[in-house]
Every structure is written in C-alpha cells, then in structure tokens.
Amino acid sequence: MKIATFNINGIKARIEVLLAWLDESQPDIVGLQEIKSQDEPFPRAAFEEKGWHVETHGQKGFNGVALISKIPPSEVNRGLPGEEKGEPDEQARFIEGVWETDAGPLRVVSLYLPNGNPVGEDRKWGYKLRWMERLHRWSQERLALEEMLVLAGDYNVIPEPRDACHPENWAGDALFQPESRAAFRRLLALGLTDAIRACDGSEGLFTFWDYQAGAWPKNNGIRIDHLLLSPEAADRLLSADIEKHVRGWEKPSDHVPAAVNLRVES
DNA sequence: ATGGTGGAGGGTCCA
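About the thresholds
Residues numbered from 1 in each chain as written. Chains lettered and ligands numbered in written order. Predicted model: local features only at pLDDT ≥ 70, side-chain atom pairs only at ≥ 80, totals over all residues. Heavy atoms only, no water. Near = heavy atom within 4 Å. Polar contact = N/O pair within 3.5 Å; in protein donor to acceptor, adjacent residues only side chain to side chain. Helix = DSSP H or I, 4+ residues; strand = E, 2+ residues; numbered from the N terminus. Nonpolar A, V, L, I, M, F, W, Y, C, P; charged D, E, K, R; others polar. Pairing = 2+ DSSP bridges. Axes fitted to C-alpha atoms, helices over the stretch in contact; angles between N-to-C directions. Contact = heavy atoms within 4.5 Å. Phe/Tyr/Trp six-rings, centres within 6.5 Å; stacked < 30°, edge-to-face > 60°. Buried < 20%, exposed > 50% of the residue type's maximum accessible area, 1.4 Å probe, protein only. UniProt positions renumbered as here; feature names shortened; annotations may be inferred. Lys, Arg positive; Asp, Glu negative; His and termini not counted. Salt bridge = Lys/Arg side-chain N within 4 Å of Asp/Glu carboxyl O. Expected span 1.5 Å × (residues − 1). Core = buried A, V, L, I, M, F, W, Y, C linked by side-chain atoms within 4.5 Å.

Visitor: So what's going on with the protein's contact with DNA strand B? Residues and values would help.
Guide: Neighbouring DNA strand B are 20 residues; Ala13, Asn115, Arg123, Asp210 and Gln212 lie closest to it. Here DNA strand B approaches the protein such that, of its atoms within 4 Å, sugar and phosphate make up 77%. A distance of 3.4 Å is found between a phosphate oxygen of DNA strand B and a side-chain nitrogen or oxygen belonging to Lys124. The side chain of Asp210 places a nitrogen or oxygen atom 3.2 Å from a base nitrogen of DNA strand B. For the surface near DNA strand B, the secondary-structure elements that each account for two or more residues are helix H1 (11-25) and helix H3 (122-143). Of all the elements, H1 adds the most residues to the surface near DNA strand B, at four residues. Among the residues forming the surface near DNA strand B, the class breakdown is six nonpolar, five polar and nine charged.

Structure, rendered in structure tokens:
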C-alpha cells in the first residue's frame with residue numbers, strides 16, 4: 001500500500017503534472033495540499049475519469065487539502081478541531097480518511113500546517129504554534145486507538161539543520177524556529193515515526209525548492225513535507241522515498257511528492 | 001531594491 005503526500009501549489013495549474021505523476025507513481029492514497037480551490041470547482045472529473053476517488057476540503061484562493069485514492073474511504077472527516085472543543089478551523093488545512101485493509105483500518109491525514117511567517121506576529125506565528133498544539137492533542141487521541149495512522153503533509157517545519165541545504169539562511173524563518181522545531185519533536189515524542197528520516201539518515205534530503213533565485217538547479221532545498229507514522233503503521237513500513245525528479249518536470253510545483261510503502265496484508 | 005517567482009482571482013494575499 002503506497003501512501004504519498006504532495007503539495008501541488010494550485011490544482012488548476014497542476015492538473016497535467018498531477019495526472020502524469022499519478023500514472024507514473026501509482027500510489028494507493030495521496031494527500032494533497034495547497035489545492036487553492038473551493039470544493040465545487042475542483043476538477044474532480046479529470047481524476048474520476050481515470051478511476052480515482054476524490055475527497056476535498058477546500059476554500060477560496062489559498063490553502064485547501066484533498067485525498068485521492070484508488071479505493072474510496074469508508075469515512076472522511078474535514079477540519080482539525082479548533083481552540084475550543086467542537087469549534088471548526090477557520091482555514092482548510094486538514095482532512096482525514098479511513099480505509100479498510102486486511103491488517104485493519106488505516107487512517108490517512110492530509111495536513112497543511114500554517115507557514116507562520118513573519119515570526120512574532122500573532123495572526124501568523126501564533127496561529128502556527130496554536131495549530132501545532134491542536135495537532136498534538138488530536139494525534140494523542142488518535143494514537144490511543146492503536147491503529148495504523150499516517151499523518152502526511154506539508155508541515156512547514158525544517159526538523160534539523162541537515163534538512164536544509166543552507167540552514168543558516170533559515171535562522172529567522174518560522175520554518176526553522178526553536179519553537180516550531182520543538183513542537184515537531186513533541187509530536188514525534190508521542191510515538192510517531194518520521195518515515196523518510198527513519199529510512200535514510202543522510203544529508204540533502206529535500207522536498208521543496210523555491211521558484212526563485214535558481215534554488216532548484218543549485219539544489220538549495222529544504223525538507224518540510226513529512227509522513228509521520230503511528231507504531232502500528234511503522235511496524236509495517238517497507239520503504240519511504242522522496243520523488244525528487246518531479247521537480248524537474250514542466251510547470252512543476254515547488255514541492256515534490258514523498259511516499260511510504262506499508263505492508264497491509266494480514 | 002530586500003518576495004527576485006508563481007498561484008488564485010479579479011482586491012491583493014499568500015508562500
């Protein structure tokens with residue numbers, strides 16, 4: 001069972017790239033981020049024609065997440081619970097699906113964590129830190145189910161210096177602040193496994209290269225797209241990979257897909 | 001010069 005995450009930076013601008021990648025990569029479940037579309041105008045027919053099932057959680061203009069899968073999910077939940085219990089998030093950044101497998105239910109989340117810049121401004125930076133606390137509480141509750149869980153998405157967090165080509169350039173950025181990195185470590189401390197890192201400890205594993213200043217040809221990238229696995233999912237982890245070559249395609253996203261393979265046979 | 005580029009939408013806001 002191949003589960004992938006891909007920040008596509010606009011579904012309307014990325015239909016061709018996404019269809020080509022789905023055809024090549026053959027994932028079973030994909031979490032998309034930054035669809036930048038409301039649910040109604042999402043071009044779902046282009047995917048349904050090729051046999052994909054589509055679940056969206058969009059909003060106008062920016063943000064927005066989706067789940068694309070070969071088999072339809074048995075359950076879908078939209079939105080990360082808010083500050084107060086039962087209060088919905090004001091931004092579309094979270095969608096959860098459940099799929100039935102021979103090894104039991106598999107929960108997959110597509111999340112788009114707030115960027116958080118500029119640091120210090122409550123509307124952006126405070127929102128990011130509060131969102132990470134909410135994600136922590138939600139993860140704690142889900143982990144208590146002791147099921148296979150994959151928290152996949154654009155975390156907008158560079159976990160460690162080795163996850164950036166030039167870590168010194170990110171010193172003042174919300175993606176590399178001690179507070180956001182600590183919040184990411186607290187998520188891992190719940191018992192979640194960073195699948196890409198668990199499979200490859202080397203430097204130079206990146207998932208994002210800015211469109212500007214020739215970042216891609218210089219390989220000036222960062223690793224901010226992550227797949228965090230519950231112990232039950234990590235026990236079944238076969239491999240994890242970043243599909244870096246997609247950044248070199250025509251009209252690419254600034255992110256590339258990352259994926260895990262889980263053994264879900266009983 | 002201090003978002004240099006790119007996406008969405010039709011304002012600028014966002015990253």
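Back to the write-up after that little detour.
Visitor: Can you tell me about the sheet that holds strand S14 (residues 258-262), naming the residues and giving the values?
Guide: Strands sit in the order S3-S4-S2-S1-S14-S13 across an open sheet of six strands; the sheet is mixed. Here the strands that pair on one side only, and so sit at the sheet edges, are strand S3 (53-57) and strand S13 (237-242). Strand-to-strand, the axes of this sheet are offset by a mean angle of 15°, without reference to chain direction. Contacts from H1 reach strand S1 (2-7), strand S2 (29-33) and strand S4 (65-69) within the one sheet, and its direction differs from that of S1 by about 160°.

Visitor: Would you mind going over the packing of aromatic side chains in detail, with residue names and values included?
Guide: Summed over the entire model, instances satisfying the criterion amount to seven aromatic pairs. Ring centres 6.1 Å apart and planes at 35° place the aromatic pair Phe42 and Phe47 in the tilted group. Phe47 sits in the buried class, given a relative accessible area of 0%. In this structure an aromatic cluster arises from ring pairing among Phe94, Trp131 and Trp138.

Visitor: Tell me what's going on with the UniProt feature "site: Transition state stabilizer" (unreviewed entry) in chain A, and back it up with residues and numbers.
Guide: Mapped onto the present numbering, the UniProt feature "site: Transition state stabilizer" (unreviewed entry) falls at Asn156. For Asn156, the location among the structural elements is in the loop between strand S8 (148-154) and helix H4 (178-189). With near-sequence residues (within four places) excluded, Asn156 lies in contact with Tyr112, Leu113, Pro114, Asn115, Lys128, Ala174, Leu175 and Ile224. Within the structure, Asn156 has its side chain in polar contact with the backbone oxygen of Leu113 (distance 2.8 Å).

Visitor: Would you mind going over the side chain of Arg181 in detail, with residue names and values included?
Guide: Among the structural elements, Arg181 can be located in helix H4. Lacking a salt bridge, the buried Arg181 has Glu160 as its closest oppositely charged neighbour, with an N-O distance of 6.4 Å. Setting aside anything within four residues of it in sequence, one finds Arg181 in contact with Val157, Ile158, Pro159, Glu160, Pro161 and Phe176.

Visitor: Just give me the short version of H3, but keep the residues and values in it.
Guide: With 22 residues, H3 ought to run about 32 Å at 1.5 Å a step, and its terminal C-alpha atoms sit 30 Å apart, in line with that. For H3, the complete set of buried residues consists of Trp125, Gly126, Tyr127, Lys128, Trp131, Met132, Arg134, Leu135, Trp138, Ser139 and Leu143. Contacts from the buried residues of H3 go to strand S6 (94-101), strand S7 (104-112), S8, H4 and helix H6 (231-234).

Visitor: Could you give an account of the pairing of S14, naming the residues involved and the relevant values?
Guide: The element S14 is largely enclosed, with a buried count of four among its five residues. Alignment of S1 against S14, held across four bridges, turns out to be antiparallel. Residue pairing for S14: Thr5 is matched across the bridge by Ala258. Pairing analysis gives five bridges linking S13 to S14, with the strands arranged antiparallel. Its bridge partner being in S14, Asp241 is matched across the sheet by Ala259.

Visitor: Would you mind going over the nonpolar core in detail, with residue names and values included?
Guide: With 50 residues, the main nonpolar core has Leu18, Leu32, Phe47, Val150 and Leu262 as its most contacted residues. Of all the elements, H1 adds the most residues to this core, at seven residues. One finds Leu143, Leu149, Phe184 and Leu187 within the second-largest nonpolar core, a separate group that totals 20 residues.

Visitor: Describe the side chain of Gln177, listing the residues and the values that go with them.
Guide: On the secondary structure map, Gln177 appears in the loop between S8 and H4. For Gln177, a relative accessible area of 11% gives the class buried. At 2.8 Å, the side chain of Gln177 and the backbone oxygen of Ala171 are in polar contact. Separated by 2.9 Å, the side chain of Gln177 and the backbone oxygen of Asp173 make a polar contact. Residue contacts for Gln177: discarding those within four places in its chain leaves Val119, Trp125, Trp170, Ala171 and Gly172.

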